[in-house]
There are 2 protein chains.
Amino acid sequence: SIWDWHRLPQYVDPRYTDYARANASIGINGTVLTNVNANALLITPMYLEKVKVLADLFRPYNLKVYLTARFSAPMEIGGLKTADPLDPEVRQWWKTKVDEIYKYVPDFGGFVVKANSEGQPGPQNYSRTHADGANMLAEAVAPHNGIVMWRAFVYDSNVPDDRAKQAYSEFKPLDGKFNDNVIVQVKNGPIDFMPREPVHPLFGAMKTTPLMMELQITQEYLGQATTLVFLPMLWKENIDQADLKKSNALKAICGVSNIGNDRNWTGHLFGQSNWYGFGRLAWDYETSSLEIANDWTRMTFTNNNDVVKDISWMMITSHETVVKYMTPLGLHHIMGANHHFGPGPWVSKMSRSDWTSTYYHKADSLGIGFNRTSTGSNAIEQYSPETQKKFNDEKFLLWFNHVPWDHKMKSGQTLWDEICTNYAAGVEEVKGLQKTWSSLASNIDADRFKHVTMLLERQKDEAELWRNSCILYFQTFSKRALPNGVDTGNKPLEYYINLSYPYAPGIRPRW
Amino acid sequence: SIWDWHRLPQYVDPRYTDYARANASIGINGTVLTNVNANALLITPMYLEKVKVLADLFRPYNLKVYLTARFSAPMEIGGLKTADPLDPEVRQWWKTKVDEIYKYVPDFGGFVVKANSEGQPGPQNYSRTHADGANMLAEAVAPHNGIVMWRAFVYDSNVPDDRAKQAYSEFKPLDGKFNDNVIVQVKNGPIDFMPREPVHPLFGAMKTTPLMMELQITQEYLGQATTLVFLPMLWKENIDQADLKKSNALKAICGVSNIGNDRNWTGHLFGQSNWYGFGRLAWDYETSSLEIANDWTRMTFTNNNDVVKDISWMMITSHETVVKYMTPLGLHHIMGANHHFGPGPWVSKMSRSDWTSTYYHKADSLGIGFNRTSTGSNAIEQYSPETQKKFNDEKFLLWFNHVPWDHKMKSGQTLWDEICTNYAAGVEEVKGLQKTWSSLASNIDADRFKHVTMLLERQKDEAELWRNSCILYFQTFSKRALPNGVDTGNKPLEYYINLSYPYAPGIRPRW
C-alpha cells in the first residue's frame with residue numbers, strides 16, 4: 001500500500017496525486033483504499049478524517065473511494081453484543097455509520113466485503129446467508145447511491161469436497177436474492193490467482209445477480225516483482241471463457257493492485273504494463289493483448305517499430321513461459337508454504353489440507369492431477385456443456401484429470417516426458433527473453449536496460465529452481481528417467497526442500 | 001532497511017551505490033547490514049552471496065561490512081546440540097564459519113552481537129559471562145583482523161532493581177576480561193534512546209575495556225518521521241558528559257540508521273540532517289552542533305545567510321522543544337505501549353514491569369519521579385562524583401528524584417506548575433517553528449516547502465496530544481489546578497487513553 005495512514009491526514013504525499021492521475025489516464029474510476037482483511041478502526045472518525053483527505057484529492061480525477069467493511073465492526077467499535085445482520089440494532093448501527101461516512105465523503109462509493117473467508121467474520125457466524133449480510137449493508141448505502149461488492153472467495157475447511165467447487169455451491173443457490181445495489185465479486189478462477197486457471201464457474205451460473213471479475217495485478221503466485229509476465233494474456237483467457245457478452249454478467253472489473261513505494265511504482269518496470277493493461281481491459285475488455293502491449297511499449301520506451309515488435313513479443317509470450325516453468329498442463333497451487341514465492345510441490349502438512357500442494361497435484365505411482373470429472377469431484381459439472389468444451393485442451397489436463405504417467409500426449413510424448421519438457425522449455429524461453437532484451441541495449445536508456453537485465457537474470461535462476469525441484473519431486477512418484485536434453489542441475493531434491501525464504505514478499509522480515 | 005534481500009544477489013538497486021557514496025561523503029566507514037535481533041540464516045551461503053554483492057559494491061567507498069551474529073547459530077544452522085561458548089566444538093564451528101565468511105568478503109569487519117537481551121540467546125543460557133561469549137567470537141575473527149562489537153544493552157526482568165543500573169552491574173565486573181579485538185557497545189544513556197537521558201554510567205566506569213557509543217539516528221522515541229528534531233544537540237550532551245577525552249574510552253561511534261525507501265531517504269527531510277550530523281560527529285565529536293546545522297542547511301537549501309540563520313535556529317532549538325512537550329524535567333519512558341509513538345504515561349500493565357510507564361514516572365499523591373539517590377535505587381552511585389555534579393540540573397530532576405508536587409523550582413513555580421508550563425511551552429515553540437518556516441516561503445522551493453509545512457502542522461498536533469494527555473493524566477495524582485494560560489483542549493483523559501495507532505511505525509499493518 002502507498003497510503004501512509006500514520007502521517008495522514010496532515011501529511012499528504014505528492015505521490016497520491018500522481019496515483020490518481022495515472023489511474024484516470026487509463027480509465028480506472030474507483031479505488032478501494034484498504035485490504036480485504038479489514039480493520040474496523042478504519043471507519044472510526046480518526047481514520048475517516050484521513051479517508052476524506054484522499055477522497056478530496058481523488059475527486060477531480062473521477063476516482064471514487066470505496067472501503068472494506070469488517071463485518072464484526074458493530075461489536076468491535078460499536079459496543080453491540082452481536083453483528084447479526086437480521087438484528088434491528090445492528091442494521092440501525094450500520095445505517096448510522098454509513099450516514100457518518102457520507103458526511104466525510106459525500107460521493108463515497110460503498111463497501112467491499114470479505115466475509116466468512118479465511119478467518120474473517122461474516123453472516124454465517126449467525127446462521128445467516130451471504131445475501132443476508134450483503135443486503136444489510138446494501139440497505140444502509142442505498143439512500144446514498146452506494147454499492148456493496150460482496151466477495152465470493154469462500155471455502156470451508158470442514159467441507160470434505162473440492163475447494164474449487166465451494167464458491168459455486170454457496171453462491172449459486174443465492175442467485176436472485178441480493179439487493180439491486182449488490183455486486184458479487186468473483187475471482188477470475190475458482191482457486192486463487194494461479195498462473196493459469198479455468199474461468200470461475202459462477203460466471204454463467206448466476207443468471208440474475210450482477211457479477212464483477214476480480215483480477216490480480218500483483219503477481220502473488222507469478223514470481224512477484226522479480227518476474228516479467230504480461231498478465232492481460234492470462235486475464236483475457238478467462239474473460240473470453242466467461243463469454244461475458246452472452247452472459248451479460250460482468251458489471252465491473254476490479255484488480256488487486258501491484259503498486260508500492262518503489263520509485264517505479266511496481267518494483268519490476270514491466271509490472272507497470274499490468275497496471276496499464278488492467279485499466280485498458282476494465283475500460284474495454286475486447287481490446288487485444290497485443291494492442292495493449294504495443295501501446296505500453298511505445299509510451300514507455302520508444303516508437304522504433306523494430307524495438308516495439310521485440311518488446312511486445314517478449315510480453316505476449318511471457319505468460320505461457322511462466323506457466324511452463326511453474327505449473328504446466330493444468331498443475332496448480334504447488335508453491336511454497338507461507339510465502340507464495342517459489343516451488344513447493346512437497347508441501348503436505350498445513351493446518352488445512354486445502355492449503356497443501358499435495359491436495360492439488362495428487363501425484364502417486366499411477367499418475368498426477370486432480371480428477372474433477374464425473375468419476376472425481378465432478379467440478380466440471382458446474383460449467384455449461386459449451387464452456388466445458390473450452391477446457392478440452394491439454395493446458396487444462398491436470399486441472400480436471402488424474403492422468404497416468406504414460407498417457408500419450410498430442411505431441412506423441414508420454415505425460416511424464418511432456419511435464420519435463422515443459423519445465424525445460426520454460427527455462428529456455430526465459431533465456432530467449434534475455435537474448436532478445438540484450439539485443440536492445442542500444443535502444444534503451446542505460447538505467448532501465450540494466451534494471452531489466454538484472455531481473456531477467458534473476459528470473460532465469462527462478463525458472464531453473466522451479467524446473468529442478470519440481471521435476472526431481474515428481475520423479476519420486478513417476479520413477480521414470482528424464483527425457484533427453486532435460487537437465488535438473490547438480491543438487492538433490494533435499495536441497496530445494498530445505499531452502500528458506502524469510503524475505504519473500506508477504507513474509508514479515510525477521511531481522 | 002533498504003536492502004532487498006529477496007531480490008539480491010541478482011538485483012542490485014542503484015540506491016545501494018548512492019547509500020555508499022553518501023556515507024563516504026560524511027566520513028562513515030562501516031555498515032552493519034542487519035538488525036541486532038539476528039537471524040542465523042544470514043550467515044548461510046544463500047545469504048552470504050547477497051552480502052558479498054553489497055560488500056563488493058561498498059569497497060570502493062571504504063565502507064566496511066559487519067554482520068549481526070545470532071548466538072545460537074551453531075544449533076540453528078550448524079546442527080550442534082549446544083551454543084555454549086566454552087564448548088570446543090562450538091568454538092571450532094564459529095572458526096570454520098568465520099573462515100567461510102571471509103571467503104565471500106575478504107575485508108569483512110566482524111560481528112555485532114545482542115546477547116541475553118530482550119529474548120535473544122547468549123552465553124548466560126550456559127551460565128557463561130558476556131566476556132566468554134564475546135571472546136569466543138573474537139578468537140574466530142582475530143586471524144582475519146576482525147572485531148566484535150558486544151552490546152551492553154541488557155536488563156533482566158527477574159532482577160527486582162532499577163533497570164537503569166543493570167548494564168553497569170553486569171559489565172563493570174567484566175572490565176579487563178575481554179579480548180583485545182572486542183569493543184563493548186553502550187547506548188548513550190542507561191535506558192533506551194529517550195528524548196533526554198543522563199550519559200550511560202559505563203562510560204568512565206570501564207577502565208581498560210574499549211567502549212563505543214551507540215546512538216539512535218532514527219527517532220524511535222522522538223516522534224519518528226513526523227517530528228523535526230536535530231539530534232546532534234542530544235548526542236553532544238551525552239558525549240560531553242562522558243568526558244571522552246579524559247576517559248579515552250570511546251573507540252568508535254555507531255548509530256541506528258534512520259534511512260528507508262522514501263525518495264528523500266529519511267521520510268522527514270530534516271531527518272537527513274541527523275544522518276549527516278551523525279557522520280560529522282563520528283568523524284570529530286568536538287564539532288559544534290551549530291556548525292553542523294549551518295553546513296547542512298547551506299548544502300541542502302541555500303547560502304542566503306538570513307535563511308541559514310533561521311533554519312539553523314529551528315534545528316538548534318528543536319531538541320529542547322521536543323523534550324518539553326514529551327518528557328520535561330527528567331521524565332522518561334512514558335510513551336505508548338507496543339508502538340513507541342505518542343504519549344502513554346498511563347501504561348501500567350505489560351508482561352514486564354520495566355516496560356510500563358508507571359515504573360518510570362512513579363507519580364502518586366505526594367509527587368513524581370524515580371528516586372535514584374542513596375535513599376532510592378542509588379543508581380547515581382554508578383557515576384563518579386564529578387559526573388554526578390553534571391546531573392545537578394533541573395533538567396534531570398525527575399530522572400534521579402521523586403519530588404513533591406509543591407517543590408519550589410528555580411523559576412519560583414511549584415513542580416506541578418513547572419511541568420504544566422513546560423508542556424505548554426513545548427507546544428508554543430512548535431508554533432514558533434511553524435511561524436519561522438512560513439516566513440521562508442519565498443526562499444525554499446515549493447515542493448520541499450510544502451513537505452515541511454505539512455509535517456510541522458502534524459508535529460503541532462502531536463505536541464498538543466502530548467501536552468493534553470500528560471497533563472490530564474498527571475493531574476489525577478497532583479489534584480492541582482492548571483496554572484494560568486495552560487490549556488489541555490476540550491477532551492477528557494479517557495479520549496486519549498482510548499486512542500489506537502495501528503499504523504504507527506514499527507507496528508505491523510493490520511489491513
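Just above sits the structure.
These notes cover the structure that comes with them. Positions within a chain are numbered from 1, following the residues in the order the chain's sequence is written. Written order decides the labels, with chains lettered from A and ligands numbered from 1. Given that the model is predicted, a residue must reach a pLDDT of at least 70 before its local features are reported, and side-chain atom pairs must reach 80 or more before they are shown or counted; all residues, however, enter totals for whole chains, interfaces and linings. Excluded from the side-chain calculation are hydrogens and water; included are all heavy atoms of the structure.

### Comments concerning the overall build of chain A
- Numbering of helices and strands runs from the N terminus, with a helix taken as a DSSP run of H or I at least four residues long and a strand as a DSSP run of E at least two residues long. Assigned secondary structure in chain A consists of 17 helices and nine strands.
- As defined in this context, the radius of gyration uses C-alpha atoms, and a globule is described by 2.2 Å times the residue total to the power 0.38. The globule rule puts the C-alpha radius of gyration for 511 residues at 24 Å, and the 23 Å found for chain A is close to it.
- Oriented by its inertia axes, the alpha-carbon framework of chain A measures out at about 70 × 55 × 50 Å.
- A buried classification covers 59% of the 511 residues belonging to chain A.
- Working rule for contacts: check all heavy atoms of both residues, and any pair within 4.5 Å makes them a contact. Here the analysis covers contacts within chain A between residues at least 6 apart in sequence; of these, 71% occur between residues at least 24 apart. Working definition: with a 1.4 Å probe on protein chains only, accessible area under 20% of the residue-type maximum means buried, over 50% means exposed, and in between means partly exposed.

### A few points about the relation of the copies chain A and chain B
- The transformation that overlays chain A on chain B combines an axial shift of 0.0 Å with a rotation of 180 degrees, and the residual RMSD is 0.0 Å. When the rotation and shift are considered jointly, the pair of chain copies conforms to a two-fold rotation axis.
- A share of 100% of interface residues in chain A that are also interface residues in chain B marks the association as one of identical surfaces. Least squares is the method used to superpose the copies, on C-alpha atoms of residues holding a pLDDT of at least 70 in both.

### Examining the interface of chain A and chain B
- Between chain A and chain B, the residue contacts involve 39 residues of the former and 39 residues of the latter.
- Both sides of the chain A and chain B interface together cover about 3600 Å² of buried area, and 61% of this is carbon and sulfur.
- Within this document, salt bridges are pairs made up of a side-chain nitrogen of Lys or Arg and a carboxyl oxygen of Asp or Glu, the two lying within 4 Å of each other. At the boundary of chain A with chain B, the tally comes to two salt bridges.
- Between D262 of chain A and R7 of chain B there is a salt bridge whose closest N-O contact spans 4.0 Å.
- Those elements that place two or more of their residues in the side of chain A that touches chain B are α2 (45-58) and α16 (446-478) of chain A.
- In terms of residue count, the dominant contributor to the side of chain A that touches chain B is α16 of chain A (six residues).
- Classification convention: Asp, Glu, Lys, Arg as charged; Ala, Val, Leu, Ile, Met, Phe, Trp, Tyr, Cys, Pro as nonpolar; all other residues, Gly among them, as polar. For the side of chain A that touches chain B, a count of residues per class yields 19 nonpolar, 12 polar and eight charged. Two parts placed together each lose some accessible area under a 1.4 Å probe, and the buried area is that loss summed for both.

### Thoughts on the packing of aromatic side chains
- Each pair of aromatic rings taken from Phe, Tyr and Trp, with Trp reduced to its six-membered ring, is defined by centres within 6.5 Å and is described as stacked if the planes are under 30 degrees apart, edge-to-face if over 60, and tilted in the remaining cases. Evaluation of the coordinates by the stated rule reveals 68 aromatic pairs over all chains.
- Ring geometry for F391 of chain A against F400 of chain A: centres 5.2 Å apart, planes inclined by 25 degrees, an arrangement best described as stacked. Take F391 of chain A and F400 of chain A: they sit in the same class, and that class is buried.
- When the ring of F391 of chain B is compared with that of F396 of chain B, the centres are 5.3 Å apart and the planes differ by 75 degrees; the resulting orientation is edge-to-face. Residue F391 of chain B shares its accessibility class with F396 of chain B, and that shared class is buried.
- Think of it as a cone above the ring: NZ of Lys or CZ of Arg counts as a charge over the ring if it is within 6 Å of the ring centre and within 35 degrees of the ring normal. For the cation-ring pair, K491 of chain A lies above Y495 of chain A, with the distance from its terminal atom to the ring centre recorded as 4.9 Å.
- Sitting over the face of the ring of F370 of chain B, K362 of chain B holds its NZ or CZ atom 4.6 Å from the ring centroid.

### Regarding α2 of chain A
All names here are of chain A.
- The length a helix should cover is 1.5 Å for every residue beyond the first. Compared with the 20 Å implied by 1.5 Å per residue over 14 residues, the 20 Å span of α2 between its first and last C-alpha is a close match.
- By the burial criterion, the buried members of α2 are Y47, L48, K50, V51, L54, A55 and F58. In a view along the axis of α2, the buried residues occupy a sector of 155 degrees, so they form one face of it.
- Contact partners of the buried residues in α2: α1 (14-25), β1 (30-32), β2 (64-68) and α4 (88-104). Arc, as used here, means the arc of the directions from the helix axis to the C-beta atoms.

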